[in-house]
Amino acid sequence: MRTQKFGTNGPDVSVIGQGTWYLDRGDRKAAVAALHRGIDLGMTHIDTAEMYGDAELVIADAIAGLPREKLFLVSKVLPSNASRRGTITACERSLKRLRTDHLDCYLLHWRGSYPIEETVAAFDELVAAGKIRSWGVSNFDADDLGEMLAIAGKGKIACNQVLYHLQERAIEHAVIPWCEQHGVAVVAYSPFGHNDFPSSRSKAGAMLQAIADAHEASARQVALAFLTRAPSMFAIPKASSAVHAAENAGAGNLKLSDSEIAALDKAFPRGPKPRSLPML
Ligand code: NAP
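The numbers attached to residues start from 1 for each chain and follow its sequence in the written order. Given that the model is predicted, a residue must reach a pLDDT of at least 70 before its local features are reported, and side-chain atom pairs must reach 80 or more before they are shown or counted; all residues, however, enter totals for whole chains, interfaces and linings. The side-chain quantities take in all heavy atoms of the structure and omit both hydrogens and water.

**Student:** What's the story with helix α7 (residues 203-214) in this structure? I'm lost.
**Tutor:** Residues lying three or four places apart along an α-helix face the same way, a consequence of the helix completing one turn every 3.6 residues. The secondary structure listing takes helices from DSSP runs of H or I that are at least 4 residues long and strands from runs of E that are at least 2 residues long, numbered from the N terminus. By this rule, a helix spans an expected 1.5 Å times one less than how many residues it contains. With twelve residues, α7 extends 17 Å between its outermost C-alpha atoms, agreeing within 8% with the 16 Å of an ideal straight helix rising 1.5 Å per residue. Any residue under 20% of the maximum accessible area for its type is buried, any over 50% is exposed, and the rest in between are partly exposed; the area is computed with a 1.4 Å probe on protein chains only. Three or more residues of α7 are buried, namely Ala-204, Gly-205, Leu-208, Ile-211 and Ala-212. Projected down its long axis, α7 shows its buried positions confined to an angular sector of 120°, all on one face. Within α7, the exposed residues directed more than 90 degrees away from the buried face are Lys-203 and Ala-214. Phi turns positive, to about 50°, at Glu-216, one or two residues after α7. Note that the arc is defined by the directions from the helix axis to the C-beta atoms.

Spelled out as structure tokens, the structure:
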């Protein structure tokens, strides 16, 4: 599994991680086994949120007994809890549910109505207390990131987690360039389009499949390799079976050629810059 530096000051983190939204809805044993298999294969970056029902509890079962320093655990505070005190209480709740003493990164899930100064002050307090190692944001457009940077100062925002898949490339217009300029990791969520992965019966899907065949890989592995083609980019697919997790981990060593990247760029066009950042 390829790893790369997570933001300016972060550790090396697996380029392919594991999402956990809806992971609590199906067979819990299978979900724990999926996370386990993924971790075994190097997908040690695990993404969750207080919003994801019991996902934090499923993760706690999956990581019980594993060396904590090998994992990169991320959770998120809901905007409705992101006041100075609310952020701290929400983080402590997540730590308890995950049965761990710290998060590697803690994110504001999306921008809400609490002043971001308050959330930043809480994040700084959590860092000082050793409860989080770093913090970041999610669903922030370039102008929101600029505001956050002005408040927090350089080198503080570890990542921006954003919607990014072959059929939704809006972040390429302004968000990725901003993040690369300021040393902020870009984490692609819903990298398979949530539940809308291109069919090989479509023209673009057939091209994706042809590239996959050339690498003896799967179309999903090629999609993940495309989304993590730059040193700033990570992806967090969610899988509820060990078979799916293993397939996704296989993307961690797949390198596409420049001509394959150009072909995918053409088959799945970026499109014009939307007025606001798309999110799920
Ligand atoms: P996703 O990862 O794009 O897609 C998940 C779907 O793909 C599931 O139906 C899953 O099926 C299927 N899948 C996964 N691996 C597969 C494989 N190898 N072969 C066939 N199917 C496969 O969707 P997502 O869950 O929306 O996004 C990923 C993660 O990003 C979330 O879980 C969450 O952690 C994060 N996220 C963050 C935000 C935010 O606002 N920050 C928003 C959305 C998502 P199975 O479950 O059956 O394996």
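**Student:** I keep staring at the pairing of strand β6 (residues 135-138) and nothing clicks. Help me out?
**Tutor:** On any regular strand, side chains alternate: one points to one face of the sheet, the next to the other face. The two faces of β6 match: Trp-135 and Val-137 on one face and Gly-136 and Ser-138 on the other face are all buried. Here, a strand pair is defined by DSSP locating no fewer than two bridges between the strands. The pairing of strand β5 (residues 105-108) with β6 spans three bridges and is parallel. Residue pairing in the sheet places Leu-108 in a bridge with Val-137 of β6. Traced from β5 through helix α4 (residues 116-128) to β6, the parallel crossover comes out right-handed. In this sheet, strand β7 (residues 157-163) lies alongside β6 in parallel orientation, the contact comprising three bridges. If you follow Trp-135 over to β7, its bridge partner there is Ile-157. Here, the term right-handed applies to a crossover whose path from the first strand over the helix to the second runs clockwise when the strands point away from the viewer.

**Student:** Sorry if this is basic, but what is going on with the side chain of Thr-20 here?
**Tutor:** Mapping Thr-20 onto the fold places it in the loop between β2 (12-14) and α1 (28-40). Polar contacts, as counted here, are pairs of nitrogen or oxygen atoms within 3.5 Å of one another; within protein the pair requires one atom able to donate a hydrogen and one able to accept it, and residues that are adjacent in sequence qualify only if both atoms are side-chain atoms. There is a polar contact of 3.2 Å between the side chain of Thr-20 and the side chain of Thr-48. Contacts were defined at the residue level, with two residues in contact if any of their heavy atoms lie within 4.5 Å. The contact partners of Thr-20, leaving out residues within four places of it in the chain, are Leu-35, Ile-46, Asp-47, Thr-48, Tyr-52, Ala-55, Ile-59 and Lys-238.

**Student:** I would appreciate a short explanation of the sheet that holds strand β8 (residues 185-189) in the present structure.
**Tutor:** Backbone-to-backbone hydrogen bonds join strands into a sheet, with any given pair of strands oriented parallel or antiparallel. Across the sheet, seven strands lie side by side as β3-β4-β5-β6-β7-β8-β9; this open sheet has parallel pairing. At either margin of the open sheet sits one strand with a lone partner, and together these are β3 (45-47) and β9 (233-235). Between one strand axis and the next, the sheet turns by 25° as a mean value, whatever way the strands run. Angular values range over 0 to 180 degrees, each being the angle between N-to-C directions of two axes fitted as lines to C-alpha atoms, with helices fitted over their stretch in contact.

**Student:** Could you clarify how one ought to interpret the side chain of Ser-134 in this entry?
**Tutor:** Among the secondary structure elements, Ser-134 is positioned in the loop between α4 and β6. When its relative accessible area of 19% is taken as the criterion, Ser-134 is described as buried. Among the polar contacts made by the side chain of Ser-134, one reaches the main-chain carbonyl oxygen of Asp-104 at a distance of 2.7 Å.

**Student:** Can you walk me through the packing of aromatic side chains in this structure?
**Tutor:** The geometry of two aromatic rings is summed up by the distance between their centres and the angle between their planes. Pairing of aromatic side chains requires ring centres within 6.5 Å, counting the rings of Phe and Tyr and the six-membered ring of Trp. Pairs whose planes differ by under 30 degrees are stacked, by over 60 edge-to-face, and all others tilted. Here the structure, examined in full by the defined rule, presents seven aromatic pairs. Relative to Phe-197, the ring of Phe-192 has its centre 5.6 Å away and its plane inclined at 85°; by these criteria the two rings are edge-to-face. Here the two residues Phe-192 and Phe-197 agree in accessibility, since each one is buried. Ring pairing ties together the aromatic residues Phe-6, Phe-72 and Phe-234, which thus form one cluster. We count a charge as sitting over a ring when the NZ of a lysine or the CZ of an arginine lies within 6 Å of the ring centre and within 35 degrees of the ring normal. If you follow Arg-220 out to its NZ or CZ, it ends over the ring of Phe-192, 4.8 Å from the centre. For Arg-220, the ring lying beneath its charged end belongs to Phe-197, and the centroid distance is 4.5 Å.

**Student:** Would you mind going over the pattern of salt bridges with me for this structure?
**Tutor:** Any two side chains of opposite charge can pair, given that their charged atoms come close. Put simply, a salt bridge is a Lys or Arg side-chain nitrogen that is within 4 Å of an Asp or Glu carboxyl oxygen. Applying the stated criterion to the full structure yields 17 salt bridges. Here Glu-50 ties to Arg-93 by a salt bridge, and the two come within 3.0 Å at their closest N and O atoms. A residue pair is termed long-range when its members are at least 10 positions apart, and Glu-50 in the loop between β3 and α2 (55-63) and Arg-93 in helix α3 (residues 84-98) qualify at 43 residues. Where Arg-111 meets Glu-147, a salt bridge forms, and the shortest distance between an N and an O atom there is 2.9 Å. In this pair, Arg-111 sits in the loop between β5 and α4 while Glu-147 sits in helix α5 (residues 142-152), placing the two residues 36 residues apart along the sequence. Among the charged side chains, a salt-bridge network with shared partners connects Arg-169, Glu-172, Arg-229, Asp-265 and Arg-270.

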